[in-house]
Amino acid sequence: MNATQPILSARGLVKRYGRVTALDQADFDLYPGEILAVIGDNGAGKSSLIKALSGAVSPDEGEIRLDGKPIHFRSPMDARAAGIETVYQNLALSPALSIADNMFLGREIRKPGVLGSVFRMLDRPAMERTAREKLSELGLMTIQNISQAVETLSGGQRQGVAVARAAAFGSKVIIMDEPTAALGVKESRRVLDLIQDVKARGMPIVLISHNMPHVFEVADRIHIHRLGRRLAVIKPSDYSMSDAVALMTGAMKPPADVLAA
Amino acid sequence: MTQPTPASSPSQDFERVLPASPAEVASFEGHGKTFLQRAREFLHGNPAAVPLIVLLASLVIFGLLVGSKFFSAFALTLILQQVAITGIVAAAQTLVILTAGIDLSVGAIMVLSSVVMGQFTFRYGLPPELSILCGFAVGALCGFINGFLVAYVRLPAFIVTLGMWQVILATNFLYSANETIRAQEISANAPILQFFGENFRLGGAVFTYGVIVFVALVLALWYVLNHTAWGRHVYAIGDDEQAAELSGVRVKPILVSVYVLSGLICALAGWAMIGRLGSVSPTAGQFANIESITAVVIGGISLFGGRGSILGTMFGALIVGVFALGLRLWGTDPQWTYLMIGLLIIAAVAIDQWIRKAAA
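Source: prediction; values computed, not measured.

### Side note on the overall build of chain A
Phase 1 of the analysis: The helix and strand inventory of chain A stands at 9 helices and 10 strands.
Phase 2 of the analysis: Against the 2.2 N^0.38 benchmark of 18 Å for 261 residues, chain A shows a C-alpha radius of gyration of 19 Å, consistent with a compact globule.
Phase 3 of the analysis: Projected onto the principal axes, the alpha-carbon positions of chain A cover approximately 60 × 40 × 40 Å.
Phase 4 of the analysis: The buried share of chain A, reckoned over its 261 residues, is 56%.
Phase 5 of the analysis: Across chain A, every contact between residues at least 6 apart in sequence was considered, and the portion connecting residues at least 24 apart equals 65%.
Phase 6 of the analysis: Carbon together with sulfur atoms contributes 51% to the accessible area of chain A, which is approximately 10800 Å² in total.
Phase 7 of the analysis: Both charge centroids of chain A, one from 32 positive and one from 28 negative side chains, sit 4 Å from each other.

This is the structure we're talking about:
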């Protein structure tokens, strides 16, 4: 299907929760520079797939490869260290902390010299400068005060901070879980623009969404998840939204050319 | 603010009107804000302000009611001496409560540590300096057990520390055989155990080293909580543990470190208590856990975690001290103190709830 090697791939992932099988021999491929949308019905196992890729759960069986090398994430931190950043649906921001503190949570910058090495003092000016730069790059400088608490921001602004954090630190892959689900029309448009901006810088993106117009607008390829496994991968130019929904819900059998193993 | 040129073209027809819509941020500044709303936002940003205001107000009121007997350097520094031990324990309690936990075993850890410091010196003949280190080690161990059970076994902090309170207190009585080490013996053989009871004078003001260490500890913790990554992580865990975990905070090790540090600070309080009492008594400090929670709550630290300043805890401890001494000098029944403290606790929590609405 594609000559280049996938940057992130998975083969035969299995995840069981008690008697429920959430992932049943699921496969996954993300190629460099593309936006791959992942769609699927409720309970199809999208979330489990994404959690396995982002390190939030470890699969019972199967293999995940990043840049062709097998990897085993034991926590989201492992995945982040490997260059995979995730924007979670609940955003994973600490409301009482400032925007800069949130962006650097878990990878703070310390002051140079004795202040940093002995007194462990944070370099707030450096962190705030970087946070401001990253937000400006993504056209999010409608935020006046970088040291204001995240809880004082609107939903769209919080989404922007979470996306900016992922874009700032993700070196290989960015995963976004329902980034437009909680947003209004205008904010959704803003986030879609953000996604395009991030892609324009060469970063591959995995986009999980239920919003078909958004998926068809930005995705290069669409991964359709059904009953715990990858059913098909389609190009949005070849199929209609109703075809995608029909495939996803089982109303249509996938044509042979897109059928995944 | 200008709208960035859209990188994507609207795919849906109803979105075509977007470029024509106003692009500046909705702003509500400057109008429609009452004085109360502004006050609430100020207090939301400065969580130690309420206890500071209450502390200053109560100083003024008791100064007017009681006069120079209360408003003297001697009486004011006496308050500091009286709250130093509660204040040190409350600093430990603050750390735990900031992570949305609670530590009911702080008083028991304090007493056990002081007993270990005393008994190791007098029963086994260890040098007192070494015994003090052993006391700190016992405090850290108790804190580690609490932290391990909370972070890794995932038991509720309330239950873990309720159990450990009993376990540590019983250990304390069994080990010490209910035996008190008398003050004369300590000052003759191991005066370093009473170090924090020694004082120096500046005019009419009397400062013990216990007071100095209390204030220094609070300032050091304020720095750590606000200007180090560890401190920010403590707040993030109390705010939203799952979000903290997902955004890269190593929640479990940090929770353990919080409880261990709390245990160490309790051991410090145990050492300071020997200085204040002169003797080592296994029955001392019975109410330290309740008093520490009182100081924390009056200090404006949210019991739900993630909010408040440790400076507030210091002010909270001082407020209790001001009421206790002020009412006594005024000549009221001591029960009035408890009544007032009880009302203050309820008022403090009510104010916390009100301030939290500023965020919504």
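So much for the structure itself; the text now carries on.
### A word on the UniProt feature "transmembrane region" (unreviewed entry) in chain B
All names here are of chain B.
Phase 1 of the analysis: In this numbering, the UniProt entry assigns the feature "transmembrane region" (unreviewed entry) to residues 48–66, 73–91, 97–118, 130–149, 202–225, 254–274, 310–330 and 336–355.
Phase 2 of the analysis: Here residues 97–118 runs as 68% helix and 0% strand, with 30 Å between its end C-alpha atoms.
Phase 3 of the analysis: The distance from the first to the last C-alpha atom of residues 202–225 is 31 Å, and the span holds 71% helix and 21% strand.

### Re the side chain of Gln93 of chain B
Phase 1 of the analysis: Its place among the elements puts Gln93 of chain B in helix 3 (residues 73–98).
Phase 2 of the analysis: Apart from residues lying up to four places away in sequence, Gln93 of chain B is in contact with Ile102, Asp103, Val106, Asn289, Ser292, Ile293 and Val296 of chain B.

### Side note on the packing of aromatic side chains
Residues and elements named next belong to chain B.
Phase 1 of the analysis: Evaluation of the coordinates by the stated rule reveals 13 aromatic pairs over all chains.
Phase 2 of the analysis: Measuring from ring centre to ring centre gives 6.2 Å for Phe136 and Trp271, while their planes differ by 85 degrees; the resulting arrangement is edge-to-face. With Phe136 in helix 5 (residues 128–151) and Trp271 in helix 11 (residues 251–277), this residue pair connects regions lying 135 residues apart in the sequence.
Phase 3 of the analysis: Taking the centre distance of 5.1 Å and the plane angle of 70 degrees together, the rings of Phe195 and Phe196 count as edge-to-face.
Phase 4 of the analysis: The exposure class of Phe195 is partly exposed, given its relative accessible area of 30%.
Phase 5 of the analysis: Residue classification places Phe196 among the buried positions, given a relative accessible area of 9%.
Phase 6 of the analysis: By the ring-pair criterion, three or more aromatic residues cluster together here, those being Phe136, Phe195, Phe196, Phe200, Phe207, Tyr209 and Trp271.
Phase 7 of the analysis: The residue whose ring lies beneath Arg123 is Tyr175, and the NZ or CZ to ring-centre distance is 4.6 Å.

Thresholds applied
Residues numbered from 1 in each chain as written. Chains lettered and ligands numbered in written order. Predicted model: local features only at pLDDT ≥ 70, side-chain atom pairs only at ≥ 80, totals over all residues. Heavy atoms only, no water. Helix = DSSP H or I, 4+ residues; strand = E, 2+ residues; numbered from the N terminus. Rg over C-alpha atoms; globule rule 2.2 N^0.38 Å. Buried < 20%, exposed > 50% of the residue type's maximum accessible area, 1.4 Å probe, protein only. Contact = heavy atoms within 4.5 Å. Areas by Shrake-Rupley, 256 points an atom, 1.4 Å probe, with all protein chains shown as cover. Lys, Arg positive; Asp, Glu negative; His and termini not counted. Charge placed at Lys NZ, Arg CZ, Asp CG, Glu CD. UniProt positions renumbered as here; feature names shortened; annotations may be inferred. Phe/Tyr/Trp six-rings, centres within 6.5 Å; stacked < 30°, edge-to-face > 60°. Lys NZ or Arg CZ within 6 Å of the ring centre and 35° of its normal.

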